[in-house]
Amino acid sequence: MSTRLREDTVRDLAIRYGVAANAVTFAPTAEEADRVARAIGRPVAIKLVADDVVHKSKAGGVLLAVEPHEVYARTHKLLSQQRANGALVRGVTVEAMVDSGIEAVVGGLRAPGFGPVVMFGHGGVDIETLDDVTFALAPIDPTQARRMISDTRLGRIIEKRFPERVDDVVAMLMAIGGPGGMLLGEAITEIDFNPVVVTAERIVAVDARASALETTDERAGDVPDSKVAYEALRPAIYPRSIAVVGASADERKMGYRAVRGLVDFGYPGRLLPVSAKNDSVCGVPTVASVTELPRGVDRAVVAVPASAVPATLRALADQGTRSAHVYTADTDPLDELVAGTGLRVLGPNCIGHYTAHERITMIGTAASNSTPGHLAVVSQSGTYAGDVLRRGTELGLRFSFVSSVGNCDDVTPAELLAFCEADPRTHAAAFYLEDDRWAGQFFRLARTMTKPIVLFKGGRTAAGGAAAASHTGALASDPQLLEDAARQAGVLLVDDLDELMDILTLLQFVPSLDGDNLALVGSGGGVAVVGSDRADRWGMRMAPFSETTRGRLRVFEAPGTSLSNPVDIPVWSMFDETGSFTGAMISAIAEDESIDAICAFLDLGTVFDIKAAEPGRKLVWALAEGFVNAERGQTPLVLVLRSGFDSNQDDLVRQLRPVAAAAGVAMFDSADRAIDALGGLRWLTRRGKRAQGSRS
């Protein structure tokens, strides 16, 4: 709940914090407005004060450039009309007119889940239509404030036309959202200065609104400590002992599948099925009840009816169990139930957990990669968690862990992110999240992270969910709040599961990408053109080859071939009776010092246009092996094998994927997706270097 503050009160507050705000006086009557205007002695602005009118201009509640002798009559008419319209009128404010200039907006609010947020952008009455604003999580520093200015079209205009005013805008942003700013220092939930007029001589806020904070629900929680999170969650992620509460001999039940998976996947730790009905489950002796468990079990899988979950968790806590993973859905909230017990709970509403390091899986063992790796995935969706595992196995991905975490009643995504930062087995982390309850903690922690973070976010159309009591609040309900918070925190935001899998596939083989220059080599001019466009979206470019490289490539020249970057070479020019040329081409390009990464493209349909089935298979194999096994030093290579959806071609792609993986090459099914993955990795690498620079 919040109450709107009177505008003169907001202006006084702003001035106290150093905001360049136009002085304003409240007048409850037309007579008082007349007195104030005559004291000012110059044209004034008259603005309605009414509890139920937020956007005064749209309601006809603003009078501009009113001469002092006109104030009484025009104010009397304004108040009468507004009362006739049913407005809860309190009076007007009177202030001196300000010379016209560029109109900006500077604001802040406590957005649900995100906590304190600062906004800057193009102001005025058309702020929502112009769609030129940016957000940042508070507190901000001067560097972040300058970045906010540069991130908007209006800010770049100010930088060009009035560079001497940039420091003033920075100061205003800091006065609102800095460590000592009013958003953090005052009991306000929203504050909005619009417009802030910027001229060559000064900046000044000529309109202000704010709402008082009556509860503290929107305050951002503390950012988790990575070392603390690691110690607390290690038993859940890499357990050395597991109890399965609700273990069953019925193959249809989750309690059976949980035990079966651990047995079949070869879990090496102590396994303790809990069942009063069975002496053993899957050949493992059972424990009759939770009270008979040994003290200090690392992890308990809870697969009991929802009504039994609270008593089960209390009993586990009494036994000193360190963590529980509640598979059951439709439970009451669990956070208060386990608060202060020392038991940490993942879930509820999950399908389980996977880690090859401890031989635990949530899906069929045949579809589970048994080789440990360094990619972590946390998903609020059990379906996506299982899909990541199954597809990841096919793609050759190796995970440190994948966890289905459901509703996150107790252990939050921010804590799991903190765990990933401290976990020596995890080199990169990806998340699928569905709500914003922990967004502030998550992104504030991400700012300090040293490892790549990828986020696939469901429900992005209601990111902030703030009440529209101000322009800032209205715009914060737009997905841009999430997008800006992710970008400023260095989190790569992806749009779907395919993009998530693509960037994980590349991270599996290429931990970083240090340059922007890309070479594209393949069969198809259209692919080369579109690939260049795609690279440009990420700030990457098809750098021209050196004269030496062009000389090395000249031996492959043939009709229909373009050997500049991107290289467009028909399939029939990639080989002759002596074998494939693809390896020699990649090696020649990799020696070019201006090239930072190579994307090789092969259209399988074209091969089978010129070759019968078996010779075509052999040619595809030879060309692909030439690409991936080429000598290329430290230059990353990605390979695109484009199938025409023919089953023979699809089989070839599947068979060649492990060949590419063995050579350290990520494989994709389109050049667009390959280049997007390279662009995303380049973005993450730049973010990592920026974060390291800020810590040094």
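Basis of the calculations
Residues numbered from 1 in each chain as written. Predicted model: local features only at pLDDT ≥ 70, side-chain atom pairs only at ≥ 80, totals over all residues. Heavy atoms only, no water. UniProt positions renumbered as here; feature names shortened; annotations may be inferred. Helix = DSSP H or I, 4+ residues; strand = E, 2+ residues; numbered from the N terminus. Buried < 20%, exposed > 50% of the residue type's maximum accessible area, 1.4 Å probe, protein only. Pairing = 2+ DSSP bridges. Expected span 1.5 Å × (residues − 1). Contact = heavy atoms within 4.5 Å. Axes fitted to C-alpha atoms, helices over the stretch in contact; angles between N-to-C directions. Phe/Tyr/Trp six-rings, centres within 6.5 Å; stacked < 30°, edge-to-face > 60°. Right-handed = clockwise from strand over helix to strand, strands pointing away. Domains from an automatic or database assignment.

- If you check an unreviewed UniProt entry, the chain appears there as CoA-binding domain-containing protein from Mycolicibacterium wolinskyi.

1. Looking at the UniProt feature "domain: CoA-binding" (unreviewed entry) in the chain
Phase 1 of the analysis: As annotated by UniProt and renumbered to match this structure, "domain: CoA-binding" (unreviewed entry) occupies residues 236–331.
Phase 2 of the analysis: Each end of residues 236–331 is marked by a C-alpha atom, and these two atoms are 20 Å apart; helix forms 25% of the span and strand 23%.

2. Here we look at the pairing of strand β9 (residues 188–198)
Phase 1 of the analysis: With 11 of 11 residues buried, β9 lies mostly within the body of the structure.
Phase 2 of the analysis: Pairing of β9 with strand β11 (residues 208–213), which is carried by five bridges, proceeds in the antiparallel orientation. Of the residues in β11, the one forming a bridge with Asp192 is Arg209.
Phase 3 of the analysis: Here β9 pairs with strand β10 (residues 203–205) via three bridges, running antiparallel. Residue pairing for β10: Val197 is matched across the bridge by Val204.
Phase 4 of the analysis: Counting the residues that bridge the hairpin from β9 to β10 gives four residues.

3. Overview of helix α3 (residues 71–84)
Phase 1 of the analysis: In this model, α3 (14 residues) spans 20 Å end to end at C-alpha, consistent with the 20 Å of a helix rising 1.5 Å per residue.
Phase 2 of the analysis: Looking at the buried side of α3, the elements it contacts are α2 (30–40), β3 (44–50), β4 (62–66) and β5 (89–96).
Phase 3 of the analysis: Directly beyond the C-terminal end of α3, a positive phi value near 95 degrees is found at Gly86.

4. So, the sheet that holds strand β25 (residues 518–522)
Phase 1 of the analysis: Spatial strand order, β26-β25-β29-β30-β31: five strands in an open sheet with parallel pairing. On the outer flanks of this sheet lie β26 (567–568) and β31 (666–668), each paired with one strand and no other.
Phase 2 of the analysis: The pairing of β25 with strand β29 (residues 597–603) spans five bridges and is parallel. From the neighbouring strand, Ala519 faces β29, where its bridge partner is Ile598.
Phase 3 of the analysis: Packed on one face of the sheet, helix α18 (residues 497–509) meets β30 (637–642) and β31 and runs near 155 degrees to β31.
Phase 4 of the analysis: The sheet strands contacting helix α21 (residues 582–590) are β25, β26, β29 and β30, and the helix crosses β29 at an angle near 160 degrees.

5. With respect to the environment of Phe456
Phase 1 of the analysis: Relative to the helices and strands, Phe456 resides in strand β23 (residues 453–457).
Phase 2 of the analysis: Residue Phe456 is classed as buried on the basis of its relative accessible area, which comes to 8%.
Phase 3 of the analysis: When the C-alpha atoms of Phe456 and Val494 are compared, they prove to be 5.2 Å apart, with 38 residues separating the residues in sequence.
Phase 4 of the analysis: The residues touching Phe456, leaving out its near neighbours within four places in the chain, are Tyr384, Phe431, Tyr432, Leu433, Val494, Asp495, Asp496 and Leu497.

6. Looking at the packing of aromatic side chains
Phase 1 of the analysis: Scanning the model with the defined rule gives 13 aromatic pairs in all.
Phase 2 of the analysis: Where Phe114 meets Phe443, the ring centres are 6.4 Å apart and the plane angle is 15 degrees; that geometry is what we call stacked. One end of the pair, Phe114, is in the loop between β6 (102–111) and β7 (115–122); the other, Phe443, is in helix α15 (residues 439–446), with 329 residues separating them in the sequence.
Phase 3 of the analysis: For Phe114, a relative accessible area of 0% puts it in the buried group.

7. A closer look at the pairing of strand β17 (residues 323–326)
Phase 1 of the analysis: Residues Ser323 and His325 point to one face of β17 and Ala324 and Val326 to the other, with burial holding for every one of them.
Phase 2 of the analysis: Bridge analysis of strand β16 (residues 299–302) against β17 gives three bridges, and the strand direction is parallel. Across the sheet, Val301 pairs through a bridge with His325, a residue of β17.
Phase 3 of the analysis: Read as a crossover between parallel neighbours, the route from β16 over helix α11 (residues 309–318) to β17 is right-handed.
Phase 4 of the analysis: Pairing of β17 with strand β18 (residues 344–346), which is carried by three bridges, proceeds in the parallel orientation. Bridge pairing in β18 places Ala324 opposite Val345.

8. Here's the deal with the domain arrangement of the chain
One frequently used descriptor of interface size is the decrease in accessible area upon assembly of the parts.
Phase 1 of the analysis: Domain parsing of the chain yields domain 1 (23–96), domain 2 (102–212), domain 3 (226–508) and domain 4 (511–689).
Phase 2 of the analysis: Placing the centre of domain 2 and that of domain 3 at their C-alpha centroids yields a distance of 38 Å.

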